[in-house]
There are 2 protein chains.
Amino acid sequence: MTIETLSEQKCFGGIQGVYRHQSSSTGTDMEFAVFQPAEAAKKPLPVLVFLSGLTCTWENFTTKAGAQRYAAEHGVIVVAPDTSPRGEGVADDQAYDLGKGAGFYLNATEDPWAKHYRMEDYVVKELPAVLANNFPVDLDRMGITGHSMGGHGALTLAIKNPDLFKTLSAFAPIVSPANCPWGQKAFNNYLGDNIATWGQNDASALVETFGWSGDILIDQGASDTFLETELLPDVFVRACERKSVALTLRMQEGYDHSYYFIASFIEDHIAWHAKRLKA
Amino acid sequence: MTIETLSEQKCFGGIQGVYRHQSSSTGTDMEFAVFQPAEAAKKPLPVLVFLSGLTCTWENFTTKAGAQRYAAEHGVIVVAPDTSPRGEGVADDQAYDLGKGAGFYLNATEDPWAKHYRMEDYVVKELPAVLANNFPVDLDRMGITGHSMGGHGALTLAIKNPDLFKTLSAFAPIVSPANCPWGQKAFNNYLGDNIATWGQNDASALVETFGWSGDILIDQGASDTFLETELLPDVFVRACERKSVALTLRMQEGYDHSYYFIASFIEDHIAWHAKRLKA
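In this report, the structure presented in the accompanying data block is examined.

Each value, and the rule that gives it
Residues numbered from 1 in each chain as written. Chains lettered and ligands numbered in written order. Predicted model: local features only at pLDDT ≥ 70, side-chain atom pairs only at ≥ 80, totals over all residues. Heavy atoms only, no water. Helix = DSSP H or I, 4+ residues; strand = E, 2+ residues; numbered from the N terminus. Rg over C-alpha atoms; globule rule 2.2 N^0.38 Å. Contact = heavy atoms within 4.5 Å. Areas by Shrake-Rupley, 256 points an atom, 1.4 Å probe, with all protein chains shown as cover. Lys, Arg positive; Asp, Glu negative; His and termini not counted. Charge placed at Lys NZ, Arg CZ, Asp CG, Glu CD. Buried area = accessible area lost by both parts, 1.4 Å probe. Salt bridge = Lys/Arg side-chain N within 4 Å of Asp/Glu carboxyl O. Polar contact = N/O pair within 3.5 Å; in protein donor to acceptor, adjacent residues only side chain to side chain. Pairing = 2+ DSSP bridges. Axes fitted to C-alpha atoms, helices over the stretch in contact; angles between N-to-C directions. Buried < 20%, exposed > 50% of the residue type's maximum accessible area, 1.4 Å probe, protein only. Core = buried A, V, L, I, M, F, W, Y, C linked by side-chain atoms within 4.5 Å.

### Remarks on the overall build of chain A
- Counting its regular elements, chain A contains 10 helices and 9 strands.
- On C-alpha atoms alone, chain A measures out to a radius of gyration of 17 Å, which is about the 19 Å that the 2.2 N^0.38 rule sets for 279 residues.
- Seen along its three principal axes, the alpha-carbon backbone of chain A occupies a region of about 50 × 40 × 35 Å.
- Within chain A, contacts between residues separated by at least 24 positions form 72% of all contacts whose residues are at least 6 apart in sequence.
- Approximately 10400 Å² of chain A is accessible, and the part contributed by carbon and sulfur atoms is 47%.
- For chain A, the separation between the mean place of its 22 positive charges and that of its 34 negative charges on side chains is 7 Å.

### Section: the interface of chain B and chain A
- Contacts between the two partners involve 22 residues from chain B, matched on the other side by 22 residues from chain A.
- For the pairing of chain B and chain A, the buried interface totals around 2000 Å² over both sides, and the portion due to carbon and sulfur atoms is 48%.
- The tally of links from chain B across to chain A stands at 2 salt bridges.
- Here Arg69 of chain B and Glu267 of chain A are joined by a salt bridge, their closest N and O atoms 3.1 Å apart.

### Some words on the side chain of Asp138 of chain B
- Position of Asp138 of chain B relative to the elements: it lies in strand β6 (residues 137-146).
- Only 2.7 Å separates the side chain of Asp138 of chain B from the side chain of Arg141 of chain B, close enough to count as a polar contact.

### Examining the sheet that holds β6 of chain B
All names here are of chain B.
- The strand order β1-β2-β3-β5-β4-β6-β7-β8-β9 describes an open sheet built from 9 strands, whose pairing is mixed. The open sheet has two edge strands with one neighbour each: β1 (4-11) and β9 (246-252). Taken pair by pair, the neighbouring strands of this sheet meet at an average axis angle of 20°, ignoring direction.
- Relative to strand β3 (residues 29-36), strand β2 (residues 14-22) runs antiparallel, the two being bridged by 8 bridges. By the bridge assignment for β3, Gln16 is matched with Phe35.

### As for the pattern of salt bridges
- For the structure shown, the criterion picks out 30 salt bridges over all chains.
- Note that Arg242 of chain A is salt-bridged to Glu208 of chain A, the shortest N-O span being 2.6 Å. Of this pair, Arg242 of chain A sits in helix α9 (residues 233-242) while Glu208 of chain A is found in helix α7 (residues 203-210), placing the two residues 34 residues apart along the sequence.
- On the accessibility criterion, Arg242 of chain A (53% relative accessible area) is exposed.
- One salt bridge connects Asp268 of chain B with Arg250 of chain B, and the closest N-O pair in it is separated by 2.8 Å. Residue Asp268 of chain B is found in helix α10 (residues 259-277), and its partner Arg250 of chain B is found in strand β9; the two are separated by 18 residues along the sequence.

### Observations concerning the nonpolar core
- Counting residues in hydrophobic clusters, the biggest one holds 92 residues, and the most contacted among them are Phe32, Phe165, Tyr190 and Phe236 of chain A.
- One finds Phe50, Ala91, Trp182 and Trp198 of chain B within the second-largest nonpolar core, a separate group that totals 91 residues.

What follows is the structure, encoded as structure tokens:
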């Protein structure tokens, strides 16, 4: 399980790196970014995984969110994987919300997607092993967050794997893909019309099944143009209420769906995860 | 002098906007970005102009430097103009270091550049007037900074216009374009072989002529690949010493020429300008 270093650059006293490896999950090369604070040279540190939204790679979050400052302050390694398999042989669609850049962090069961679109396996099984073998990570203290489609990924993968991801937050997540156009399109293609499998990839359905023993932080821009069509935070609020899950949903007045929104609140999320992972 | 709003997005409690207007200096449309902290709604604020480097537009700094947080904290309006005129009728070159994206913040005298490449007039004369007419700026408290080619622009334009730009700093600036390949190529094209005009656009020559009554802060990555060929900070250090100009050059170990370097130190620069502009 060797990885190739594409770049390493000093940032806020630490190292912002980009790496590539051959993924057994997706059957493709995969790239991911890792920020290591300076103190990672001395001891293993907690990890926060950030899952990005539609059309993104590791690059959007890594260059635009300004997370490195807070990761350096709080002593947290931040990992940003890609949003889908990529490469010449990988099935794709011209739409921005299907195919490359739109993996939805699930294991596809339908052709032509099933062969490479196995992002759930990638994030839950393979990426942690790659991190453990190559970086000073303390995987017993790993949290997860994400934006939009990546917020969906963070919520679903954590709720299904609470032993792996100890802390959970999200920015403007798709909380019920089974009930919004983005998610229905993706699920119809990736999972087919067997609706029973949809619930295994829908955060609001999953939290009603499994609950969540910790607390959850969600920031949502109140001026987000996708709020009422795709994101539907109230669906998740009600599901958490029914299961007595401690959800804090912060509606942020005037903020939209962009990285300016993420940048404005990433400090809070990193501090929030660090406090819990280091408790 | 009307301007068109291309976007306005909430960020760190303020507004990150992008605007377009017809420029009389360049004879083209010009775009620029402005971050207004929340308190700009109540009173005029000091201004910091950031000039970007080769290949950039307003977007690189605005999305990657993380300046909004510090501008909000210190109550400073931050303005990021483009690096050259653009448009179909504008002379260009296939190289990244000449033509569009490489205006060098001077007034070109040679064809085919002289018609549109008047970035010195644009930044010194037109942009301040546009700001005064459209934003709550206190132009009596305006500072300037920039990166690489934009550091050259900040140094030259401030030294020539100390009544306009009261404070001055730079990131990895080209301090003596007359003596490095980037600058020589640009000056040969834009200014021709009349070397007498080169000194009017060379920070190290200018500071020996005009001096600088305040102090100057420069951050320079010690691992910057352009350090010894293009940037040559020692030339400016010696010129400042000869004129007893209070220059602080901080060589930042391990940092390169990228926005990860700028992001790591932009807080220091904004705090530095704010302290002096508000004194």
